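Descriptive analysis of the structure
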Amino acid sequence: MEYNFNDIEKKWQQYWIDRHIYRIDNNASKPPFYVLDMFPYPSGAGLHVGHPLGYIASDIFSRFKRLKGFNVLHPMGFDSFGLPAEQYALETGRHPADTTDKNIETFKRQLNRIGFCYDWEREVRTSDPDYYRWTQWLFLKLYNSYFCNTQQKARPIADLIEKYSKFGAMPKNGKPITGKHFTADEWNSMTKEDQEEILMRRRLVYSSYGEVNWCEGLGTVLANDEVVNGVSERGGFPVEKKKMRQWFLRITAYANRLLESLEHLDFSDSMKEMQRNWIGRSKGAEIEFSVLGAGLDIKVYTTRPETIFGVDFMVLAPEHELVCQIVTAEQKKEIDKYIIYVKSRSDRERISEVKQVTGCFTGAYAINPFNGKQVPVYIAEYVLAGYGTGAIMAVPSGDQRDFLFAKHFKIPVTNIMGDAFIGKEAADEKNVVLHNSGFLNGLTMDEGFDVAISKLEELGIGKAKVNFKMRDAGFSRQRYWGEPFPIIWQNGVPFALNENELPLRLPHIERYEPGPNGEGPLANVHDWINLNNGKRRESSTMPGYAGSSWYFLRYMDPKNNEEFCSRTASDYWGQVDVYIGGTEHAVGHLLYSRMWTKVLYDLGLIGFEEPFKRLVNQGMIQGSSRMVYRLNLQSAELLLKKIISSFTDLHIERDRRLHGWNFDYFFTEKELAIDVTKNTILRQRIKDFNVIRERENLSVKVLFISEIELFEKMRGGNDFCRQWLENLIEAGEEYHSPVSEKGDFFVSKGYIERGDLENVDVLRVDVSLVDGIELDIQRFKGWRAEYQDAEFILENGKYICGAEVEKMSKSKYNTVNPDELCMRYGADTFRMYEMFLGPIEASKPWDTKGIEGVHRFLKKLWRLFWQEDKCVVCTDEPVEQELRVLHKAIKKIDQDTESFSFNTAVSAFMVCINELAELKCNKRKVLEPLLILLAPYAPHIAEELWKCCGNEQSVLLADYPIWDEKYLVESEKDYPVSINGKMRTNIKISLSATTEEVEKIVLQNEVIKKWLEDKQPKKIIFVQGKMINVVV
RNA sequence: GCCCCGGUGGUGGAAUUGGUAGACACGCAGGACUUAAAAUCCUGUGAUCAGCAAUGGUCGUAACGGUUCAACUCCGUUCCGGGGCACCA
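Just so it is clear, the structure is predicted and the values come from calculations on it, not from any experiment.

**Here's the deal with the overall build of chain A**
Secondary structure assignment for chain A yields 35 helices and 41 strands. Taken across its 1032 residues, chain A has 38% of its residues classed as buried. Within chain A, residue pairs in contact and separated by at least 24 positions form 70% of the contacts whose partners lie at least 6 positions apart.

**Re unusual backbone geometry**
The peptide bond linking Leu502 to Pro503 adopts the cis configuration, its omega dihedral lying at -5°. Position of Pro503 among the secondary structure elements: in the loop between strand 19 (493–496) and helix 16 (526–529). Even without a glycine there, the phi angle at Asn533 is positive, about 60°. With a phi angle near 55°, Asn759 is a residue other than glycine that sits in the positive phi range. Inspection of the secondary structure assignment puts Asn759 in the loop between helix 25 (749–754) and strand 30 (761–765).

**Some words on the pairing of strand 12 (residues 313–316)**
Here strand 12 shows no split at all, with Phe313 and Val315 on one side and Met314 and Leu316 on the other all buried. In terms of strand pairing, strand 12 meets strand 15 (residues 391–394) through four bridges, oriented antiparallel. Residue pairing across strands places Leu316 opposite Ala391, the latter belonging to strand 15.

**So, the pairing of strand 18 (residues 487–490)**
Relative to strand 19, strand 18 runs antiparallel, the two sharing four bridges. What sits directly across from Ile487, in strand 19, is Ala496. Between strand 18 and strand 19, which pair antiparallel one after the other, the connecting turn spans two residues, and Asn491 there sits at a positive phi close to 50°. Alignment of strand 18 against strand 20 (residues 536–537), held across two bridges, turns out to be antiparallel. Bridge pairing in strand 20 links Ile488 to Arg537.

**Remarks on helix 21 (residues 633–644)**
Compared with the 16 Å implied by 1.5 Å per residue over twelve residues, the 16 Å span of helix 21 between its first and last C-alpha is a close match. Among the residues of helix 21, Ser635, Ala636 and Leu639 are the ones counted as buried. Looking down the long axis of helix 21, one finds its buried residues gathered within 100° of arc, a one-sided arrangement. Next to the buried residues of helix 21 lie strand 26 (672–677) and helix 23 (707–714).

**As for the sheet that holds strand 26**
The strand order 24-25-26-27-28 describes an open sheet built from five strands, whose pairing is mixed. In this open sheet, the two strands that pair with only one neighbour each are strand 24 (652–658) and strand 28 (735–736). Pairing of strand 26 with strand 27 (residues 701–706), which is carried by six bridges, proceeds in the parallel orientation. Within strand 27, the residue paired with Ile674 across the bridge is Leu703. Helix 22 (residues 682–696) rests against strand 25 (661–667), strand 26, strand 27 and strand 28 of the sheet, and its axis sits at about 165° to strand 27. Contacting strand 26 and strand 27, helix 23 crosses the sheet at an angle of about 70° to strand 27.

**What to know about the protein's contact with RNA strand B**
Inspection of the region around RNA strand B gives 74 residues, with Ser270, Gly838, Gly853, Pro976 and Gly981 positioned closest. Top element by residues in the surface near RNA strand B is helix 31 (residues 902–918). It accounts for six residues. Here the surface near RNA strand B is composed, by residue class, of 26 nonpolar, 26 polar and 22 charged.

**Re the sheet that holds strand 39 (residues 982–990)**
To summarise the sheet geometry, strands pair through backbone hydrogen bonds and adopt either a parallel or an antiparallel arrangement. Here we have four strands laid out as an open sheet, ordered 39-38-41-40, and mixed in their pairing. The outermost strands of the open sheet, each flanked by one partner alone, are strand 39 and strand 40 (1019–1023). Between one strand axis and the next, the sheet turns by 20° as a mean value, whatever way the strands run. Relative to strand 39, strand 38 (residues 972–979) runs antiparallel, the two being bridged by eight bridges. Counted as the bridge partner of Lys973 is Ile989 from strand 39.

**Points about the packing of helix 30 (residues 880–898) against helix 32 (residues 924–934)**
As a packed pair, helix 30 and helix 32 sit with axes 10 Å apart at the nearest point and diverge in direction by 10°. Judged by the angle between their axes, helix 30 and helix 32 are roughly parallel. In this structure, helix 30 crosses over helix 32, and the sense of that crossing is left-handed. Taken together, the residues of helix 32 that come into contact with helix 30 (itself represented by Glu882, Leu886, Ala889, Ile890 and Ile893) are Val926, Pro929, Leu930 and Leu933. A per-class count over the contact of helix 30 with helix 32 returns eight nonpolar, no polar and one charged.

**Looking at the domain arrangement of chain A**
What the domain assignment lists for chain A is domain 1 (28–138 + 550–590 + 605–621), domain 2 (281–468), domain 3 (632–740), domain 4 (830–967) and domain 5 (972–1031). If you average the C-alpha positions of domain 4 and of domain 5, the two centres end up 38 Å apart.

**Things to note about the environment of Trp134**
Within the secondary structure, Trp134 sits in helix 5 (residues 129–143). A C-alpha to C-alpha distance of 53 Å links Trp134 and Val311, two positions 177 residues apart in sequence. With residues near it in sequence (within four places) discarded, Trp134 still touches Arg554 and Phe564.

**Considerations on the environment of Trp137**
Relative to the assigned elements, Trp137 resides in helix 5. Judged by local crowding, Trp137 falls into the partly exposed class, with 16 C-beta atoms found within 10 Å. Through-space distance from the C-alpha of Trp137 to that of Asn500 is 9.4 Å; in sequence the pair is 363 residues apart. Leaving out residues up to four positions away in the same chain, Trp137 has contacts with Glu499, Leu502 and Phe564.

**Section: the confidence of the model for chain A**
Chain-level statistics for chain A give a pLDDT mean of 90 and a share of 100% at 70 or above. Confidence metrics for the complex model read pTM 0.90 and ipTM 0.95.

**Some details on helix 15 (residues 445–459)**
The end-to-end C-alpha distance of helix 15 is 20 Å, a good match for the 21 Å that 15 residues give at a rise of 1.5 Å each. Along helix 15, the residues classified as buried are Met445, Gly448, Phe449, Ala452, Ile453, Lys455 and Leu456. Seen from one end, helix 15 has its buried residues packed into an arc of 165°, which puts them on one side. Along helix 15, exposed side chains directed more than 90 degrees from the buried face belong to Ser454 and Glu458. If you follow the buried residues of helix 15, they end up packed against strand 10 (281–291) and strand 16 (462–468). Backbone geometry just after helix 15 places Gly460 at a positive phi near 70°.

**What about the environment of Asp347?**
Assignment of secondary structure puts Asp347 in helix 13 (residues 347–352). Residue classification places Asp347 among the partly exposed residues on the basis of 15 C-beta atoms within 10 Å.

**Section: the packing of helix 29 (residues 851–865) against helix 31**
Remark: helix 29 packs on helix 31, axes separated minimally by 10 Å, with the N-to-C direction vectors making an angle of 40°. Considered as vectors, helix 29 and helix 31 are oriented oblique to each other. Both helix 29 and helix 31 take part in a crossing whose hand is left-handed. Residue-level contacts link Phe857, Lys860, Leu861 and Leu864 of helix 29 to Phe909, Met910, Ile913, Leu916 and Ala917 of helix 31.

What counts, and at which threshold
- Residues numbered from 1 in each chain as written.
- Chains lettered and ligands numbered in written order.
- Predicted model: local features only at pLDDT ≥ 70, side-chain atom pairs only at ≥ 80, totals over all residues.
- Helix = DSSP H or I, 4+ residues; strand = E, 2+ residues; numbered from the N terminus.
- Buried ≥ 20, exposed ≤ 12 C-beta atoms within 10 Å, placed from the backbone.
- Contact = placed C-beta atoms within 7 Å.
- Pairing = 2+ DSSP bridges.
- Expected span 1.5 Å × (residues − 1).
- Arc of directions from axis to C-beta.
- Axes fitted to C-alpha atoms, helices over the stretch in contact; angles between N-to-C directions.
- Near = placed C-beta within 6 Å.
- Nonpolar A, V, L, I, M, F, W, Y, C, P; charged D, E, K, R; others polar.
- Parallel < 35°, antiparallel > 145°, perpendicular 65-115°, else oblique.
- Left-handed = near helix turned anticlockwise from the far one by under 90°.
- Domains from an automatic or database assignment.
- pLDDT = per-residue confidence, 0-100.

Below is the structure:
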């Protein structure tokens, strides 16, 4: 029987569905294990081979754990709200709900074709009202909670209200500050609106003002993604920053806890490092500088307070609120101009720019509180309003950025770094002894840190301060396709809906244009948004991470209509044991879901405070794009130039003008001109010139050459083309290229590499039209109507494409569809090949070529069971050699699978099958355990062959084999022996030999003797079981 | 610009984490089977030098430098590629 993978895979997939074999129970006696893939967004392009990489890994791991006796939860669902569907709706008028549903169906069909063991009965979709009802419910939980600084945890806002009404909010010591502190009486006599405003300062989601990318041209707010080089991607309209009312998630309250509990997580060090950097905890000081003659202070945050004697100027963020108060009349115009410039710049552009220093003097001076020095105050884009206090004290002798700024604006630099600063750039040493620093002189910077802070506190002009780079997360999107906020506005105050009013359904709309004043499309749905008595619903919707911050909990209890997830379910499953996904979520999704989990834990809704116990990062599969090179008129001109410039014996003029006519070349002695012209206008051009020629009675002869004919000649090679042109010039006669019907010319890569042809258009071509790097010319012509008449300049009869590794994406024509591969090689081959490609965490370009090797392996395995339509599996007892092969494989594959080293596990399968084939082993006692090992990787073929062995039940219900060390021990080892670390020979020595015995054996060896040349070895290093090194 | 990751034959990668660099696979070359093709099987395959050959020498893990008996692995500097940088998901 042949290995007919298509029939086999279809059969077993149906078998699994019929028997609900992947249905998972919430109260099995087996220990629970939760394996989760990162939530996919169902894009319209469907799956490409990059997507399933992580899914295959998690599927293998789930099946592996299941065979090892765990009750494995392995669900899948869809993060189905999002920008692309709405964008598509804007373009086509198709409702996001419809396109999303269709996309999900495609995804599911593709996933099922690969044979994943998802329990589809637990599927969730964020855009489903039964799901977003709970997202809204959780929003209300956040809204109705505050972060208690004493207990360092979330508590119901009602507790805070009670506290305010009994005790007010008064400082522990010191004087109350107006606007910040109040007594209980004051609280109780406040209006509802005023109370709300105070509560808003503490809620875990709150409403405030934040900057957005505003695009006047489109009348809408844009995602960073939609802004390219400061203009909108659609339409190219200018984009500027604008303040708008927004909802925010108070993630900063959890900064410390998010940072500290990282310690206990099984995430990669680099992942933790990224999160630490994002949270960006720093220790420093806040210092107040008074502004000369303005009666106000500028508060700066610095991590280097000890460098305060080196302050030569101050910089405020251009959007800092004090700017308009301190700017002098003379500088006002300049400052306003600069602020407009900064508004057009993104944060990233502002901090990335290092080559060009920009900034503007405010005219104001600040006073250094320690030495009374007056320093100028600037604004500059490199200071962002959101970081620290939005103002810095600049110390050019210690900070390169400040130094460049000082140099640019010719501000004199005070050196506090002694010899470490030589005036060319800021001192890059981090802990030098301070000079010119008053009471800090002679201290190192680290020592000075604490001294400076105590002095600041003593004088009451500053204090130690821990600062976080992390900012509160914007929670509003001016979009339609997202969760509506369960919020109603009245007189500028937001009121939350009651829990029993959920879900607040997203109204159906048919037009997707933005609302007025930058609001989202919902603002146009008048009968939905406007309620009676001037009440109005919130018009923005929640961001993508709202639904994805808690979805892993819903899988535990997906059908629950009473709760977002029952405590029984979350207690049973607990944390996600293994979470698999890409590093692109390192700081977004992963931090948000960590925060939500902590809030839920604080409120007693779940029993654990971290969502993901272990995180495995899968690398990205990149696409390998293929390029073709299209010639144009400029390529022709450059080609001609190259040829002409090699004619040294003729007098040539370039760009010769003749009665208003411009020739490319003119040969004075011959009165011969060359005119390179586009084929399409050749006839007209000749006609036009003939008019001039007659009118002016010119004797000049012209070679009118079309770019097409030039390329045509190029087909014969460089020399041929040159010779042809030389002949024409030699002849000196009038010549007109024939008008051609040919299409665009494409030139093979070799010509570009050698520089024979330049200035070509580089176009991407669909990878499916290319075999390796050779273009299938016939199929290329049929790909697009515009290429139907394409012409090719080949090398060795082939058209060779360029290649470039980049992101796999439909727009780059480099996607490879898994369906096609499953059809040609089977899902089992596809699964194993994706794993075989390399380590799961590494990024690598996709190349279909190697898939044959994995396919051959499965066929070879098949032949151990089936030969010429007969099942050849026998019940003979295996010999020791066969058992060694088996147990070696069990050990290696078990360990590699456990440690996510799937590529080496696949190799181990290959080695094992190669060895068994060599031994002609068809014994059931060897092959059966092997099939269990294989089942997680290639479940379909494993089921089929398992049945051939005479088993009635699915292989999924078998027990994972356990290796026996007794088959693996060896008595001697073929030691590598090196001289001075260079391997010279191998010697077989018993593993139980002592050091003395080994040394004796080594020194008697002929090869070693030869290298020693009668000298005594200095030292012999012997590492038992590893190697021997003789030092001469 | 800042943060994180990576760089090993023609290609994807392996190397028990400091101990035989190149497992396994692709590709390529040669051979067997076949009327032929497909499929399958066998042999060789980092570079270079010497030799008819068996074999042996030298070089070789992005580049340079360092630590060590021993470095793909540890440290430093540089170059190149990828991911993230707060409204793509």
